[in-house]
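Read off the chains here:
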Amino acid sequence: MCGVNHKSFARPGYLIDVSADSIAAKGALFTRLLAHHGEVGLTGEQIAGLLDLSCEYHGRQVEIRIEMARLAEEIEHKRGRLEARAIAERKPLLDRRAELFREDEDLFFAFAARGHELLSDDQLDRIDRIYHAEKDAGLAALAGSLCNAVSPTFYFGPAVTS
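Residues numbered from 1 in each chain as written. Predicted model: local features only at pLDDT ≥ 70, side-chain atom pairs only at ≥ 80, totals over all residues. Heavy atoms only, no water.

Participant: In this structure, what is going on with the nonpolar core? I would like to understand it.
Facilitator: One broad rule of soluble globular proteins: the nonpolar side chains tend to lie buried together. By size, the foremost hydrophobic cluster in this structure holds 24 residues, and its most contacted members are Leu29, Phe30, Leu33, Leu42, Leu50 and Tyr57. Elements with a contribution of two residues or more to this core: α2 (31–35), α4 (44–75), α5 (84–117) and α6 (121–150). If one sorts the elements of this core by residue count, α4 sits on top with seven residues. (Core = buried A, V, L, I, M, F, W, Y, C linked by side-chain atoms within 4.5 Å. Buried < 20%, exposed > 50% of the residue type's maximum accessible area, 1.4 Å probe, protein only. Helix = DSSP H or I, 4+ residues; strand = E, 2+ residues; numbered from the N terminus.)

Set out below in structure tokens:
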């Protein structure tokens, strides 16, 4: 899936920083795939198809996120004490916002799958190798910092045996 549009590699702490952000790519899809079109062997028809999918995805995602923003403003408590009745009145709006969050993520996976339909298994293998090589290089460059961020005595790497 990372060939779809994770611009770099996973945030080093993403397994433990428990953010509630959507995993759906914001805006464009397939940027790494398109950037490596020569190495992956994309045809002009595949490039056009991926660009069309990205454009359609972006338009639909903007619609979802505008509605989420509108609901967030409506849900916001602006003055006075927040009481049980006010919270209960917001429940349908909160439920709809949760549904939209899920729609955003479902949209991402649906469009990723549509993009993958345009590619051969060999092309998917190539982009996977490119992604993992870029990720590994980035993480290797940060290894010392990552180890220090966890603990000065922790080491990410092969197990040391005596």
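There is more to say after this.
Participant: Would you take a moment to explain the packing of α4 against α5 for this structure?
Facilitator: Relative placement of two packed helices is described by the angle separating their axes and the distance separating the axes. Contact geometry for α4 and α5: axes closest at 10 Å, N-to-C directions at 170°. Looking at the two axes, α4 sits roughly antiparallel to α5. In the contact of α4 with α5, the residues fall into 16 nonpolar, two polar and eleven charged. (Axes fitted to C-alpha atoms, helices over the stretch in contact; angles between N-to-C directions. Parallel < 35°, antiparallel > 145°, perpendicular 65-115°, else oblique. Nonpolar A, V, L, I, M, F, W, Y, C, P; charged D, E, K, R; others polar.)

Participant: What's the story with α4 in this structure? I'm lost.
Facilitator: For the α-helix, the turn length of 3.6 residues means that residues three or four positions removed from each other point alike. Taking 1.5 Å per residue, 32 residues should reach 46 Å; α4 reaches 46 Å between its end C-alpha atoms and fits that length. Within the sequence span of α4, burial applies to Gln46, Gly49, Leu50, Leu53, Ser54, Tyr57, Gln61, Ile64, Met68, Leu71 and Ile75. (Expected span 1.5 Å × (residues − 1).)

Participant: In this structure, what is going on with the side chain of Ser54? I would like to understand it.
Facilitator: With respect to the secondary-structure elements, Ser54 resides in helix α4. Engagement of the side chain of Ser54 in a polar contact is seen with the backbone nitrogen of Leu29, the distance being 2.9 Å. Setting aside its immediate chain neighbours within four residues, Ser54 contacts Gly27, Ala28 and Leu29. (Polar contact = N/O pair within 3.5 Å; in protein donor to acceptor, adjacent residues only side chain to side chain. Contact = heavy atoms within 4.5 Å.)

Participant: Is there a simple way to think about α5 in this case?
Facilitator: Taking 1.5 Å of rise per residue, the 34 residues of α5 would be expected to cover 50 Å, and the 49 Å separating its terminal C-alpha atoms lies within 8% of that figure. Of all the bends in α5, the greatest, near 40°, is centred on Lys91, and the proline Pro92 appears no more than four residues after it. Residues of α5 that are buried: Ala86, Arg90, Leu93, Leu100, Asp104, Glu105, Leu107, Phe108, Phe111, Ala112 and Gly115. (Bend = angle between axes of the 7 residues up to and from the residue.)

Participant: What's the story with the packing of aromatic side chains in this structure? I'm lost.
Facilitator: Between two aromatic rings, the relevant description is the distance of the centres plus the angle of the planes. Scanning the model with the defined rule gives three aromatic pairs in all. Cluster of aromatic residues (ring-pair linked, three or more members): Tyr57, Phe108, Phe109 and Phe111. Above the face of the Phe111 ring, Arg114 is positioned so that its terminal group lies 4.6 Å from the ring centre. (Phe/Tyr/Trp six-rings, centres within 6.5 Å; stacked < 30°, edge-to-face > 60°. Lys NZ or Arg CZ within 6 Å of the ring centre and 35° of its normal.)

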